[in-house]
Amino acid sequence: MPSLNQATKVFGESIYRFGGDTIEILGAPEDTDWLRWGMLNDRKLTRLYFFKNNSENQIYQFIFLNGAFRYDNTLPVISITGVTKTMNTGSIAMLSTPNFEEVQGVNGKDLPVPNNYHVYMQDRDDATQINQFIWEKGTENLEHNGITRAKFAINGFPEDTDWSRWTMTYDSNRYQLSLPAYVYYAFKQGSNTELYHGRYGHKDAQGTDVYGYEGVLTLEGAPENTDHSGMAMVFDGIDTHLYMLTK
């Protein structure tokens, strides 16, 4: 059973630095698919998800408690509805956003706590197109589209982007309740230390909002047991963390 290594963004720099102890994953069902996973933070808990083995639409939830990620047996399985054969279920990204219907303003008032959980999948034939599923509060399913539109484009990333190693997060530290809080990340091909990133809210030639390339981030100090084949990015309300499984 793998565990997780964590890197944290260095304040004011384009660097993610690994540190701290490896984080255990406990109580996983026997049919957990360790190759397909994602993470999010809803400002209450950090949550980790793995697909059920041989499933295209069922995921297990783990919650970070007492220094480890523990399987949430109160919610045995979560379903993602609307997955089609045109979507690549080989990897996913996840994030959590505020419920904008509950927003009353930001000037002098507390910001809303995120309670919408998102899952993203690439198109099978075009990795620059990503499909969105949203798990709204009070339901037990993640549904295609949900609050906003069902598909988003990634524009302007370098030609050597490794689309198979990607993730996303909702970083509201700099951008409160705005489109640029949505961030897309992907490795440079052949590199385990260079990470491309871009924010939502750029415009394509038709004036449609897309994720637009913005620059390069650097990873430092990855332990030797780090599996660089996948990653997850989590914003916890203060810091942004990158996670990778151990080999």
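The preceding data block contains the structure.
Note that residues are indexed from 1 along each chain, following the sequence as it is written. Predicted model: local features are reported for residues with pLDDT of at least 70 only, side-chain atom pairs are reported and counted for 80 or more only, and whole-chain, interface and lining totals are derived from all residues. Calculation of side-chain values draws on the structure's entire complement of heavy atoms; hydrogens and water are dropped beforehand.

**Q** Go over the overall build of the protein chain with me, naming the residues and quoting the values.
**A** For the protein chain, the count of helices and strands is zero helices and 19 strands. Only heavy atoms enter the contact rule, under which two residues are in contact if any of them lie within 4.5 Å. Sequence-distant contacts, at least 24 apart, represent 51% of the contacts inside the protein chain between residues at least 6 apart. Per element, the accessible surface of the protein chain, about 11,700 Å² overall, is 45% carbon and sulfur. Helix and strand assignments follow DSSP, with helices taken as H or I runs no shorter than four residues and strands as E runs no shorter than two, numbered in order from the N terminus. Calculation of accessible area relied on Shrake-Rupley with a 1.4 Å probe; when residues are assessed, cover is drawn exclusively from the protein chains displayed.

**Q** I'd like a description of the pattern of salt bridges, backed by residues and values.
**A** We count a salt bridge whenever a side-chain nitrogen from Lys or Arg sits within 4 Å of a carboxyl oxygen from Asp or Glu. According to the stated counting rule, one finds nine salt bridges in the structure shown. Ionic pairing is found between Asp 42 and Arg 47, a salt bridge with its closest N-O pair at 3.0 Å. Side by side, Asp 42 and Arg 47 carry an identical accessibility label, which is buried. With its nearest N and O atoms 3.8 Å apart, the salt bridge here joins Glu 214 to Arg 199. Of the two residues, Glu 214 sits in strand S17 (residues 209-220) while Arg 199 sits in strand S16 (residues 194-203), which places them 15 residues apart along the sequence. Given the relative accessible area of 7%, Arg 199 is considered buried. For the exposure calls, accessible area comes from a 1.4 Å probe over protein chains only, and a residue counts as buried if that area is under 20% of its type's maximum, exposed if over 50%, partly exposed in between.

**Q** Any details on unusual backbone geometry? Residues and values, ideally.
**A** At Asn 54, a residue that is not glycine, the phi angle is positive and equals roughly 65°. Within the fold, Asn 54 resides in the loop between strand S5 (46-52) and strand S6 (58-65). A residue is classified by how much of its surface remains accessible, and Asn 54, at 73% relative accessible area, is exposed. With phi around 50°, Asn 66 is a residue other than glycine that occupies positive phi space. Judged by relative accessible area, Asn 66 falls into the exposed class, the value being 73%.

**Q** Report on the pairing of strand S12 (residues 141-144), specifying residues and quantitative values.
**A** If DSSP finds at least two bridges between two strands, the strands pair. Relative to S12, strand S8 (residues 78-81) runs parallel, the two sharing three bridges. When the bridges of S12 are listed, Thr 81 appears paired with Glu 143. Looking at chain direction, strand S11 (residues 129-135) and S12 are connected through two bridges and run antiparallel. The residue bridging Phe 133 from the neighbouring strand is His 144, located in S12.

**Q** Could you give an account of the pairing of S16, naming the residues involved and the relevant values?
**A** Taken together, the five bridges between strand S15 (residues 182-188) and S16 define a ladder with antiparallel strand orientation. For Ala 186, the partnering residue across the bridge sits in S16 and is Tyr 196. The turn joining S15 and S16, which pair antiparallel and follow one another in sequence, is formed by five residues; a positive phi near 80° is taken by Gly 190. Pairing geometry for S16 and S17, over nine bridges, is antiparallel. Looking across to S17, one finds that Leu 195 is bridged to Leu 217.

**Q** A description of the environment of Asp 162 should follow, citing residues and the corresponding values.
**A** By secondary structure assignment, the location of Asp 162 is in strand S14 (residues 161-170). With 34 residues separating them along the chain, Asp 162 and Tyr 196 place their C-alpha atoms 9.3 Å apart. Look past the residues within four positions of Asp 162 in its chain and what remains in contact with it is Ala 186, Phe 187, Lys 188 and Gln 189. Polar contacts, as counted here, are pairs of nitrogen or oxygen atoms within 3.5 Å of one another; within protein the pair requires one atom able to donate a hydrogen and one able to accept it, and residues that are adjacent in sequence qualify only if both atoms are side-chain atoms. Separated by 2.8 Å, the side chains of Asp 162 and Arg 165 make a polar contact.

**Q** Tell me about the nonpolar core, and name the residues and values.
**A** Within soluble globular proteins, side chains that are nonpolar tend to cluster in buried spots. Take the buried Ala, Val, Leu, Ile, Met, Phe, Trp, Tyr and Cys residues and link them wherever side-chain atoms come within 4.5 Å; each set so joined is a nonpolar core. In terms of nonpolar packing, the biggest core is built from 17 residues, with Tyr 120, Ile 130, Trp 166, Met 168, Tyr 182, Tyr 184 and Tyr 211 touching the most fellow members. The next biggest cluster of nonpolar side chains, apart from the first, holds 16 residues, and it includes Ile 59, Leu 75, Ile 92 and Trp 135.

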